[in-house]
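# Observations on chain architecture
Single-letter residue listing:
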Amino acid sequence: KTVISIHSQLYLTFFSPRYNYGKTHSDWDGGSMDYVILAFAVTSPIAAAIAMAYARRERALVYISDFRSFASQIYIAHSLWDWSEDGGREQSDLDLRAHSDAVMAQIVG
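Residues numbered from 1 in each chain as written. Predicted model: local features only at pLDDT ≥ 70, side-chain atom pairs only at ≥ 80, totals over all residues. Heavy atoms only, no water.

### Here's the deal with the overall build of the chain
In plain terms, the rule: Secondary structure elements follow DSSP: runs of H or I no shorter than four residues count as helices, runs of E no shorter than two count as strands, and numbering proceeds from the N terminus. Think of it in three bands: with a 1.4 Å probe and only protein chains considered, a residue is buried below 20% of the maximum accessible area for its type, exposed above 50%, and partly exposed in between. Areas reported here follow the Shrake-Rupley algorithm with a probe of radius 1.4 Å; residue values treat only the protein chains shown as occluding.
Within the chain, the regular secondary structure consists of three helices and zero strands. Here the chain, with 109 residues, has 12% of them falling under the buried criterion. Carbon and sulfur atoms form 63% of the exposed surface of the chain, whose accessible area is close to 9,000 Å².

Encoded structure:
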């Protein structure tokens, strides 16, 4: 998007007026242009695009850290929680250590 924006700004600033106006007026040299305004018009969208990309990156990092936190809490729940009915973990028919390892394998991928 940034490259397209730069090309369209340069085309509309330099080439389009010369091409369109120059067809009817052969002595037209392009007029006087303030290059400070042109530089501002080209660099502002680039700076905005970089700022938006950085904001998206930061938001993605927050979501990734939230997911990792939730996943680790799920693992802790499967590996450490105990219950008082029916004898708890010791009396369970399920191999809870293997179950916790399977949950960790699913979390990690």
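### What to know about the environment of alanine 105
Tracing the sequence through the fold places alanine 105 in helix H3 (residues 96–108). According to the relative accessible area criterion, alanine 105 is partly exposed, its value standing at 46%.

### Some remarks on the pattern of salt bridges
Quick note on the threshold: Just to be clear on terms, a salt bridge is a Lys or Arg side-chain nitrogen sitting within 4 Å of an Asp or Glu carboxyl oxygen.
Applying the stated rule across the entire model yields one salt bridge. Where arginine 57 meets glutamate 58, a salt bridge forms, and the shortest distance between an N and an O atom there is 3.2 Å. A residue is classified by how much of its surface remains accessible, and glutamate 58, at 31% relative accessible area, is partly exposed.

### A look at a nonpolar patch on the surface
Threshold: Every patch collects residues that have over 30% relative accessible area and no salt bridge, joining them within 9 Å if they carry like charges and within 5 Å if they are nonpolar side chains (Val, Leu, Ile, Met, Phe, Trp, Tyr).
Where nonpolar side chains cluster on the molecular surface, the patch consists of Ile76, Leu80 and Trp81 and spans about 360 Å² of accessible area. Relative to the helices and strands, leucine 80 is located in helix H2 (residues 35–80).

### Let's talk about the confidence of the model for the chain
Worth spelling out the cut-off: pLDDT expresses how confident the predictor is about each individual residue, on a scale running from 0 to 100.
For the chain, per-residue confidence averages 75 on the pLDDT scale, and residues scoring 70 or more make up 74% of the total. Taking the mean pLDDT of every element in the chain, the minimum, 64, falls on helix H1 (residues 2–24) and the maximum, 85, on H2.

### Focus: H3
An α-helix turns once every 3.6 residues. As a result, residues three or four positions apart point the same way. Operational definition: Helix span, expected: 1.5 Å multiplied by one less than the number of residues in the helix. The arc refers to the directions leading from the helix axis to the C-beta atoms.
Taking 1.5 Å of rise per residue, the 13 residues of H3 would be expected to cover 18 Å, and the 18 Å separating its terminal C-alpha atoms lies within 8% of that figure. Within H3, burial applies to Leu96, Ser100 and Val103. The buried side chains of H3 occupy one side of the element, clustering within an arc of 60 degrees when seen end-on. Away from its buried face by more than 90 degrees, H3 exposes Arg97 and Val108.

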